[in-house]
Amino acid sequence: MNKQSSKIWFGGDYNPEQWEKDMWPEDIRMFKLAGIDVATLNVFSWALNQPDEITYNFEWLDEIMNKLYENGIYTCLATSTAAHPAWMAKKYPDILRVDFYGRKRKFGGRHNSCPNSTTYNKFAGRMAEKLSERYKDHPAVLMWHVSNEYGGYCYCENCAKNFRVWLKEKYKDLPTLNKAWNTRFWGHTFYEWDEIVPPNDLSEETEGQISDFQGISLDYRRFQSDSLLASYQTEYNSIRKHDSKTPITTNFMGLYPELNYFKWAPYLDVISWDNYPSIGTPVSMTAMTHDLMRGLKSGQPFMLMEQTPSQQNWQPYNSLKRPGVMRLWSYQAVAHGADTVMFFQLRRSIGATEKYHGAVIEHAGHEDTRVFKETAALGEELYQFSDQIVDSTITSKAAIVFDWENRWAIELSSGPTVALDYVEEIHNYYAAFFQQNISVDLISPSEDLSAYDIVVAPVLYMVKEGFADKLKRFTADGGTFITTFFSGIVNENDIVVTGGYPGELKDLLGIWVEEIDALPPEENNTIVLKNKEGFNKKEYTCNILYDIIHVNEAEIVADYGEDFYAGTPVVTKNNYGRGKAWYIGSSADADFISDLVLKLAQEKNIEPSLPPVDDVEVTVREKNNTKIYFILNHSNEKKVIETGNEEKRNLLNGQTIKNSVELFGKDLLILKE
Amino acid sequence: MNKQSSKIWFGGDYNPEQWEKDMWPEDIRMFKLAGIDVATLNVFSWALNQPDEITYNFEWLDEIMNKLYENGIYTCLATSTAAHPAWMAKKYPDILRVDFYGRKRKFGGRHNSCPNSTTYNKFAGRMAEKLSERYKDHPAVLMWHVSNEYGGYCYCENCAKNFRVWLKEKYKDLPTLNKAWNTRFWGHTFYEWDEIVPPNDLSEETEGQISDFQGISLDYRRFQSDSLLASYQTEYNSIRKHDSKTPITTNFMGLYPELNYFKWAPYLDVISWDNYPSIGTPVSMTAMTHDLMRGLKSGQPFMLMEQTPSQQNWQPYNSLKRPGVMRLWSYQAVAHGADTVMFFQLRRSIGATEKYHGAVIEHAGHEDTRVFKETAALGEELYQFSDQIVDSTITSKAAIVFDWENRWAIELSSGPTVALDYVEEIHNYYAAFFQQNISVDLISPSEDLSAYDIVVAPVLYMVKEGFADKLKRFTADGGTFITTFFSGIVNENDIVVTGGYPGELKDLLGIWVEEIDALPPEENNTIVLKNKEGFNKKEYTCNILYDIIHVNEAEIVADYGEDFYAGTPVVTKNNYGRGKAWYIGSSADADFISDLVLKLAQEKNIEPSLPPVDDVEVTVREKNNTKIYFILNHSNEKKVIETGNEEKRNLLNGQTIKNSVELFGKDLLILKE
Amino acid sequence: MNKQSSKIWFGGDYNPEQWEKDMWPEDIRMFKLAGIDVATLNVFSWALNQPDEITYNFEWLDEIMNKLYENGIYTCLATSTAAHPAWMAKKYPDILRVDFYGRKRKFGGRHNSCPNSTTYNKFAGRMAEKLSERYKDHPAVLMWHVSNEYGGYCYCENCAKNFRVWLKEKYKDLPTLNKAWNTRFWGHTFYEWDEIVPPNDLSEETEGQISDFQGISLDYRRFQSDSLLASYQTEYNSIRKHDSKTPITTNFMGLYPELNYFKWAPYLDVISWDNYPSIGTPVSMTAMTHDLMRGLKSGQPFMLMEQTPSQQNWQPYNSLKRPGVMRLWSYQAVAHGADTVMFFQLRRSIGATEKYHGAVIEHAGHEDTRVFKETAALGEELYQFSDQIVDSTITSKAAIVFDWENRWAIELSSGPTVALDYVEEIHNYYAAFFQQNISVDLISPSEDLSAYDIVVAPVLYMVKEGFADKLKRFTADGGTFITTFFSGIVNENDIVVTGGYPGELKDLLGIWVEEIDALPPEENNTIVLKNKEGFNKKEYTCNILYDIIHVNEAEIVADYGEDFYAGTPVVTKNNYGRGKAWYIGSSADADFISDLVLKLAQEKNIEPSLPPVDDVEVTVREKNNTKIYFILNHSNEKKVIETGNEEKRNLLNGQTIKNSVELFGKDLLILKE
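Source: prediction; values computed, not measured.

A. Structural detail: the domain arrangement of chain A. All names here are of chain A. Each domain of chain A was delimited in the assignment, giving domain 1 (9-152 + 226-388), domain 2 (157-218), domain 3 (398-603) and domain 4 (616-672). Between domain 1 and domain 3, the C-alpha centre-to-centre distance is 38 Å. Taken together, the contact pairs 22 residues of domain 1 with 18 residues of domain 3. Carbon and sulfur atoms supply 64% of the area buried between domain 1 and domain 3, which totals about 1600 Å² over both sides. Taken together, the connections running from domain 1 to domain 3 amount to 1 salt bridge.

Right under this line is the structure:
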């Protein structure tokens, strides 16, 4: 972010067009009261901006941008293309999607345009260009915000045609495609490109992800993710025609399944995302998602583009954020690398879907509300010290591999179990590091591994070209590598690598897996350690899938305790070069993973940033070689934190702390060395 | 009902066309044996009556009507239009509906015609006119029964066109509509009427009621309810061309969600409805539904048009009505204002969907069955004394407001909780009066309130124009008004009234609500009374939604006991003029509501009709200033009832009762002063 | 099976076209190692065999068939028509089905062709003829395997037209059809054939089988089953143009609901089927299914065409077959009449849906796997002694009636309960015989009953023309007949037989049923015996449905113990001629049925083949008047089996056994007298 980046930006989505203009001064008065310095404008105003094919009206936008700027509030300027106008849908029905069930949709909702519609892309690009041309020199423009929360697939005839072109570029000829998809199975050989149709409920797929042909289904996900990316790029390039400097982003949705954000990330100048945990989302899952967003651009700070100040509207039960929680979770984002704290929304709408979504200015309309007061207090706080945080970075010695294409392949698989949840398995390992106050990066398979001591790749089902070699080099060079059951099974086309699982990883791990048992998740087996060394217990449980393992060079760390494979290996360790490669053959319980992670971290001399305390999260950001500790008490109880015998300064109140400190429930500390 | 209204009519649906004529004399013999004096004919005979576009055959109908009439059985004459003929569907597909999923339906089922099809309305109106012309002077015709159980929405192109016309009449111009629907949200501004499409699974809605745009969804429900009403009126007017006197009805379905029966009611000469409780439906819910049906025409007696003599066929588990239950529930209808006891069906069909639905004449085909014997006994009973009941009325000093449009708006809402069930909340308050033997009317917001001492409006989410003022006048004039959480939120277009909830009701209630918390329904909070005065307990529970309340003029009656809003008000009371306005800020448990209702009734000197006994229902009908007590023992155990120290006569057996009486399980008393 | 039928054939599905040819020699080496002597080829190769409308390529098939044959492996030759080529779908969309929801499908999946498509039938027939012409004299061809696992219904316009022709042939004129379907109900009278449309989600049916019109829905199932049969016959006749001798089959799927296998069976030369139990399928259910498949051709030995060597892929949790289980279940098939043991699949595919389905050659690709070793051991075993088993038959003195049309009618019924599961009720009675080691045949209503002493017809809801008389003759001649609640209700058109249930069976049973109560299945009633004679207990439980019974000539065996029909009959027995007819008026618990079956078997002097032991299954096949006992220990524990005091020889190891023998868990004995 290029302007005044001396503090954490504070603000959020603002839709002034939903009210009469005489409301605007009051809004601005309250924004200033709350310390707000950025407003995201123009997210859903396409129909307002462009009432027909040739007319454009931006006067309202000029006026509000100017008014805000005069009051010290910058604009994060959206391109308004996330919901097409009704007139466009009526006149050019090709912009409407065909859904998974094969039905042509009608006007309604949002995020509703076919990404392969030339009409849509023409009008969206034109809108972005018009805006860029008009506001390129406007001093208020802090950031471009393209469209909104890209997502959803289309299955129209036009997408089908574009899919064939995409496939032709990828595979060149049909024999290559037929081999890649293994179309000899079930007699699916294609002789002409036009025989290929999108995989959906009318052809190869059924609801809930399962596909009859993983090859085409995987490629269709890649194609749709690429199609939406191309739409984004159309707008990006249109903006760049007139504005060469202002950073451009679009807001991601964390663990959203449909887009390969790692593939998108290079085309965003800065990552931004919307954080909406559900009731029951563990704080470690939110932390992991922040880390994943930070990992998209290899650690570069990101924007928290949206979060609710209080409640959401689309959950089954939309609880209020308890007092202090909005502040705590705002700092959690910052603690993981965010350089903005932004809300959806600054003023609550009064009609349609989101009127029961929280806002800085509630329906009551005045500042005498809990939500407004908490917001204003946070705004004041950030104003005081956040310059010391901004642009700081996070260093991790451990990394977890996350891959959307691997996730798709696992979800599309028919067998061996419906109980396997890739994100859950990733989180199981993440949570172990999290509890130990050990920072971990979420990385893609194409990330450079040389900076890490430990790399974990849970359920590395799909091993992409070159990745096995990269992991071998990493381990041979002294790294500790951990992977699990159901790994090394297929290549990028979901074609099994024969010769025994885990395929290309066999040498590295020193084992081969003969069979994979699947039992209902309520059943389990035990992990019985050969010796307790470094573990707290002798026996742990595991479930979901059970690899039946043969060791080659590897050492057996633990055996199964039950079933017909009792006494056969479940955990193995292989010395590979100067490093070690671990294989966890079943979905182990939290205690096992926690003990394992602690043991391996100790072996690699990775220390917790501070001694762990239950329900207290600690992260470290660093700037100019100075560490800033974020200590977040997620519990409701008072906790005692050991902060080390060097003096540290609490940025929140300027006090000096040494040895230990008490921290109230839902409260936090930001300590600077 | 105009003919021989000296007794409760007894009979039901009869489909003689499903059998050979030689069966008819035996049917009639058995009808007479059962005391049946009315048969509903011609409900589903359109295809039989009209084999093609120009031919009409009513000879069979002449014959059976005459035969029945000769035997003392009148006809409730249906118009046969509730299922269109197959030939019509084939020749004029515009009569077929398009469903919620956007699919054109094919011939099949019933209640299957598009209400905006000109073809359908032309043929339906013509059929009604033909029947009216033919039977206008037939002495057997007691009642006209238009179509059957109107319901179901259509989303076809023709409906879309008519919807636009309907909108144009309502809003005049698009700017007004855009404002009413808040279309600036998500860029939905309409510039031409033709851009508007019906809200369904292809546009704004998803299954289970939630809508992306409540404004259009609400109006579509109004429009479809009006469209079906217009179809009904077409037939009504066609009948009136020839028959100016015979009352006309159509059978309602109680709490059926899709039609605004209050808007329909003025166009029916008498209300009739079909009572089909499920296993597990509380008797108080059935009672409430009877009272709602009675309320549709401000207390006028209604017809019980259908109930099963024994079992239904469309429940998951179709249990038999236990011995005595059919009689007990028949009298329950009468106890709440019904002047008929009618069944679906007089003879069980032998093929298709309803062959496992109970009937007076079962598949056995003779009178030696439990069901027939119970029916005949009831027929005999009604013959003895029901002249003393017919045309009597019910007087209530308490009323509960019920509003279908409010219900739609609540169900369409995205947030704050999916756990809120409007009917359940209404029933929570109804049940409290019911258990106290205090009669309560179910009324629409447009009902005159002056006759009531207590008015309860649970979850009055939508406050229609003028209704807040009406409630203020009612309270100022000395009435007791009770409303609850999530009230006063929106206007008729589902647009939030800003400035703090409960919007227009703030003054009346003397409070404002800042936030609304929503938690999973298995969690709860406590209601802690400031003092126990008039309540049985100091503490109660509540759940679903939790309003965070600030009092202005109001007095705090109880605080929350838990959570971060512990110690803030949950129940308040405001002196307004000569009356009191109560606000219950959460979904309170049954004990609280029961104690509250009892306390307020006592304050207003509203006495139970008789001292309450568990599982014994008591209602009072009045005629010529004489009270008739219905005492219904819904339990299986013997109960002792205190009947007061004045002598009363049991109409069922002529005995005189004083002070108290024993009543067997499932038995009843009808006592006349 | 005509060639070398001196042993149990051993092999399975093999798809060599999915690999490079250089893999083939290794496959063959391993097949021989495993004792495999038959491979099913060409199941899904249509697109490969026929790349366009006029070109056919069978060279690959020549080559592999020859190679296999040279190595002693015969071919079960499929016609490759179970999945149409993509080019055909594109060029001739009439081959694509319209699904239950009215949607035209696109290319994808398998078993995807409209059975009434003339294009499909033309090309499928032509393919079968080409293959027959080419391979008629090939010495390797052991069997023709037409298509694969026929199933699935189509609802396209072409099916609609063919349905009307099918109806016209059946009913001749519309008045007859109208009467058969009772179309006077809900005004469904048809005046022209073209008014009739297929019953699906757009017309008469809703998901989960319930129909608004059982008549048309029943006939549509018959029609679709017949349509698929006609497709099969097209191929059958095409093969017979050139090959008049080789037997022809298609693989059935056991209890698959959509096809009336009894109607198909005469058109297959030998029955074959695919056995895929789920986790939790009782072994008695598998046994019953084998017996049903054997019953399709009145006891003739059948083929086990497919089973998995280890795991499946399409279950939610695809557990491995535990060690010994594949062998045990293979012999279970043989024990019930199978003369082949065949697998899907010989080599695991590496891409698409079934890559996680077990195979003889796993992804590891070598013979050093548990699955391969178990397979090879079984191959060796079968080679040793299976000549003594092949062509042997099974004799039963008891039979259970199974009827697909009755099953359809029950599932389509609206009321009285959704809890009634026809197959479960059949299995309840089957399991009682199974536990007693008493052989029972599963037969169709058209089977000759004279060979049986006991005939059980659970839930004989639909009584077909002549069947009541057949049952009367059977009983009058001394047989014991048992039927249950909800029997004798309707004729073949699902039209109720009036005059009291069980309709045509009233005389035989000496009772009539007045009402049928339905309660949630978690509730139950008791069966209280008049006297314990022959039973182990005085009281049992029952649930689901409760017939209220009046006895005429019958004797009351037991009364209900609870509810308002306590003290009325629930079990009755009627002396009819020289036999007895039992009626069980509710779904009795397993103990009751077990005791009843044992008692009646003893009365008829039907002895267990060996004394029953828990979890040990015993069957007997007979050949040349010598009995072969199959003794299968399904438990994990050692069991002691009493084998009688005559010496028997264990075919598995040649040892002689007398009096008793110990049998390990999952182990088996095959004893020859």
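B. Region of interest: the interface of chain B and chain A. Across the contact, 55 residues belong to chain B and 50 residues belong to chain A. Taking both sides of the interface into account, the surface hidden between chain B and chain A amounts to around 4600 Å²; carbon and sulfur atoms contribute 56%. Contact with chain A buries surface across chain B, with Arg 184, Trp 186 and Leu 202 of chain B losing the most and accounting together for 17% of the total. Between chain B and chain A we count 7 salt bridges in total. In this structure, Lys 355 of chain A and Asp 494 of chain B form a salt bridge, with 2.5 Å as the shortest nitrogen-oxygen distance. Inspection of the region where chain B meets chain A yields 31 residue pairs in polar contact (both at pLDDT 80 or more).

C. Local environment of the relation of the copies chain C and chain A. Placing chain C over chain A gives an RMSD of 0.0 Å and needs a rotation angle of 120°, together with 0.0 Å of translation along the axis. Here the transformation between the copies is reduced to the relation of a three-fold axis. Identified as the residue of chain C closest to the rotation axis by C-alpha distance is Arg 103 of chain C, at 5.4 Å.

D. Representation of the packing of aromatic side chains within the structure. Counted according to the given criterion, the structure contains 135 aromatic pairs over all chains. Pairing Phe 100 of chain A with Tyr 101 of chain A gives two aromatic rings, centres 5.4 Å apart and planes at 85°, and the pair type is edge-to-face. Accessibility expressed as a relative area gives 16% for Phe 100 of chain A, which makes it buried. The lysine or arginine in question, Lys 130 of chain C, covers the ring of Tyr 56 of chain C, its NZ or CZ lying 4.8 Å from the ring centre. Lying across the ring of Trp 19 of chain C, Arg 347 of chain C places its NZ or CZ 5.7 Å from the centre.

E. Structural context of the nonpolar core. Phe 592 of chain A, Phe 592 of chain B together with Phe 592 of chain C are the most contacted members of the largest nonpolar core, which has 640 residues in total. With near-sequence residues (within four places) excluded, Phe 592 of chain B lies in contact with Ile 527, Leu 529, Phe 535, Tyr 540, Val 571 and Ile 584 of chain B.

F. Just the environment of Val 456 of chain A, in detail. Residues and elements named next belong to chain A. Examined against the element boundaries, Val 456 turns out to sit in strand β12 (residues 454-457). Between the C-alpha atom of Val 456 and that of Phe 402, which follows or precedes it by 54 residues, the distance is 9.5 Å. In contact with Val 456, other than residues within four places in its own chain, are Ala 399, Ile 400, Val 401, Tyr 429, Phe 433 and Ile 482.

Analysis parameters
Residues numbered from 1 in each chain as written. Chains lettered and ligands numbered in written order. Predicted model: local features only at pLDDT ≥ 70, side-chain atom pairs only at ≥ 80, totals over all residues. Heavy atoms only, no water. Domains from an automatic or database assignment. Contact = heavy atoms within 4.5 Å. Buried area = accessible area lost by both parts, 1.4 Å probe. Salt bridge = Lys/Arg side-chain N within 4 Å of Asp/Glu carboxyl O. Polar contact = N/O pair within 3.5 Å; in protein donor to acceptor, adjacent residues only side chain to side chain. Least-squares fit on C-alpha atoms with pLDDT ≥ 70 in both. Phe/Tyr/Trp six-rings, centres within 6.5 Å; stacked < 30°, edge-to-face > 60°. Buried < 20%, exposed > 50% of the residue type's maximum accessible area, 1.4 Å probe, protein only. Lys NZ or Arg CZ within 6 Å of the ring centre and 35° of its normal. Core = buried A, V, L, I, M, F, W, Y, C linked by side-chain atoms within 4.5 Å. Helix = DSSP H or I, 4+ residues; strand = E, 2+ residues; numbered from the N terminus.

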